[in-house]
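# Structural features, examined
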Amino acid sequence: MSTFAELLLNGVSLGSVYALIALGFVVIFRATEVVNFAHASLLLAGGYITASLHDDIGFWPALLVGIAGAALVGAAVEFLVMRRYRGTDHSVLAIVTIGVDILLTTELTRRIGTNVLSPGDPWGDAVLTVGPVSLAHTRIAAFAAAALLITAFLLVFRYTSWGVAMRAAAESSETAALMGVRLRRVSLGAWAVAGGLAAVAALFLTVFPTPGLERATSLAALKAFPAAILGGLDSTTGALVGGLLVGVTESLATGYQSDLSFLGRGLGDLAPYVVMVAILLIRPAGLFGTKELARV
């Protein structure tokens, strides 16, 4: 029972980090109706900036610069690339984001090389033990930070003019534009917010018990993508639920890998996609996704 509780807590913590990444997917999709496949490179950019600067300016300033840097990269991608294709079919724009991701990831992996970069976090390998259950301080910090950021985002999304503009653009971009909503500003803000959230997620994906930031760190965004899809790509609530579901599923599947050896190795990496497919077979729009009706 203690093993299950420990795996569950670790899964919730990991899932909250996935929720931050999934929220980035959702924010951009709601603002632009484009699936952003360049999100992995935004995550890697934020993590690289933080890991590169912490020795020189300290951890917390480096983290703030990393968040700002990833937000700036996201805004630059929207301004320099995506805006030039405004009015193009959304499937074409999704392909454009794949090209952007390849370019950014190639440059970042060239800079990282074979090194494993430490983010310089203050928690180290400290572990909190309560009875038979042990939990790394980094996992507790990840859950607390994710909960704080997600709550702040939901409040901004609900009560600020930018949030109202984004919700209006998500309902009908043409109507929103006619009512005076500046769609370009909404889109720019969405990309910046997604980049900042990805930078925070990158930190908690590279602290203990993982060795640090490496070239493969960006692949974590691929695990968060099922969270956004199964929750509903246009639902902020779905991103949160999907992230937690994916995190818990991955943690339990990895923890009980030895008992499920007949299913093969790497079950923890595969489990989130199995859950995604199973849910989409029942609810094609995701758990909280909006069903679209078309008159034919």
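Residues numbered from 1 in each chain as written. Predicted model: local features only at pLDDT ≥ 70, side-chain atom pairs only at ≥ 80, totals over all residues. Heavy atoms only, no water.

Now for unusual backbone geometry. Residues Phe208 and Pro209 are joined by a peptide bond in cis, for which omega reads 15°. Its place among the elements puts Pro209 in the loop between helix 8 (183-205) and helix 9 (220-231). (Helix = DSSP H or I, 4+ residues; strand = E, 2+ residues; numbered from the N terminus.)

Moving on: the pattern of salt bridges. Under the criterion given, the structure shown has five salt bridges. Here Glu250 makes a salt bridge to Lys223, at a shortest N to O gap of 3.1 Å. One end of the pair, Glu250, is in helix 10 (residues 236-255); the other, Lys223, is in helix 9, with 27 residues separating them in the sequence. Among the residues examined, Glu250 registers a relative accessible area of 8% and is labelled buried. Asp269 is the partner of Lys223 in a salt bridge, and the nearest nitrogen-oxygen pair spans 3.1 Å. Highlighted residues: Lys223 in helix 9 and Asp269 in helix 11 (residues 267-282), separated in sequence by 46 residues. Linked through salt bridges whose partners overlap, the residues forming this network are Glu107, Arg110 and Arg111. (Salt bridge = Lys/Arg side-chain N within 4 Å of Asp/Glu carboxyl O. Buried < 20%, exposed > 50% of the residue type's maximum accessible area, 1.4 Å probe, protein only.)

A few words on the nonpolar core. Side chains of nonpolar character tend, in soluble globular proteins, to be buried together. Residues Ile21, Met166, Phe204 and Leu205 are the most contacted members of the largest nonpolar core, which totals 63 residues. Here the element with the most residues in this core is helix 1 (residues 2-32); it accounts for 13 residues. Residues in contact with Leu205, not counting those within four places in the same chain, are Leu14, Val17, Tyr18, Ile21, Leu43, Thr210 and Ala220. (Core = buried A, V, L, I, M, F, W, Y, C linked by side-chain atoms within 4.5 Å. Contact = heavy atoms within 4.5 Å.)

Turning our eyes to something else, we now look at the side chain of Asp101. Structurally, Asp101 is set in helix 4 (residues 90-112). A distance of 3.1 Å separates the side chain of Asp101 from the backbone nitrogen of Ser41, its partner in a polar contact. Asp101 has contacts with Phe37, Ala38, Ala40 and Ser41, leaving out every residue within four places of it along the chain. (Polar contact = N/O pair within 3.5 Å; in protein donor to acceptor, adjacent residues only side chain to side chain.)

Glancing now at the packing of helix 3 (residues 59-80) against helix 8. Any two packed helices are characterised by the angle at which their axes cross and by the distance between the axes. Look at helix 3 against helix 8: their axes get within 7 Å of each other, and the N-to-C directions meet at 145°. Handedness of the crossing formed by helix 3 with helix 8: right-handed. Contacts from Phe59, Leu63, Gly66, Ile67, Ala70, Ala71, Gly74, Ala75, Val77, Glu78 and Phe79 of helix 3 reach helix 8 at Arg184, Ser187, Leu188, Trp191, Ala192, Gly195, Gly196, Ala199, Val200 and Leu203. By residue class, the composition of the contact of helix 3 with helix 8 is 14 nonpolar, five polar and two charged. (Axes fitted to C-alpha atoms, helices over the stretch in contact; angles between N-to-C directions. Left-handed = near helix turned anticlockwise from the far one by under 90°. Nonpolar A, V, L, I, M, F, W, Y, C, P; charged D, E, K, R; others polar.)

In the contact formed by helix 10 and helix 11, the axes pass within 8 Å of each other and the chain directions differ by 135°. Between helix 10 and helix 11, the interaxial angle falls into the category oblique. By crossing handedness, the relation of helix 10 to helix 11 is classed as right-handed. Between helix 10 and helix 11, the residues in contact are Leu245, Val246, Thr249, Glu250, Ala253 and Thr254 and Leu267, Gly268, Asp269, Ala271, Pro272, Val275 and Ile279, respectively. Residues that form the contact of helix 10 with helix 11 fall into these classes: eight nonpolar, three polar and two charged. (Parallel < 35°, antiparallel > 145°, perpendicular 65-115°, else oblique.)

Our focus in this paragraph is the packing of aromatic side chains. For the structure shown, the criterion picks out seven aromatic pairs. Between Phe59 and Trp60, the aromatic rings sit 4.8 Å apart at their centres with planes inclined by 70°, giving edge-to-face as the arrangement. Take Phe59: its relative accessible area is 9%, and that puts it in the buried class. Ring geometry for Phe59 versus Trp123: centroids 6.0 Å apart, planes at 80°, classification edge-to-face. You can see Phe59 sitting in helix 3 and its partner Trp123 sitting in the loop between helix 4 and strand 1 (127-130), a full 64 residues away along the chain. Stacked on the ring of Phe79, the Lys or Arg Arg84 has its end atom at 5.6 Å from the ring centre. Between Arg158 and the ring centre of Tyr159, over which it is positioned, the NZ or CZ distance is 5.4 Å. (Phe/Tyr/Trp six-rings, centres within 6.5 Å; stacked < 30°, edge-to-face > 60°. Lys NZ or Arg CZ within 6 Å of the ring centre and 35° of its normal.)

This paragraph deals with the environment of Val193. Tracing the backbone through its elements, the reader meets Val193 in helix 8. Along the sequence, Val193 and Ala68 sit 125 residues apart, while their C-alpha atoms lie 9.6 Å from each other. What Val193 contacts, discounting residues up to four positions off in sequence, is Phe153 and Trp162.

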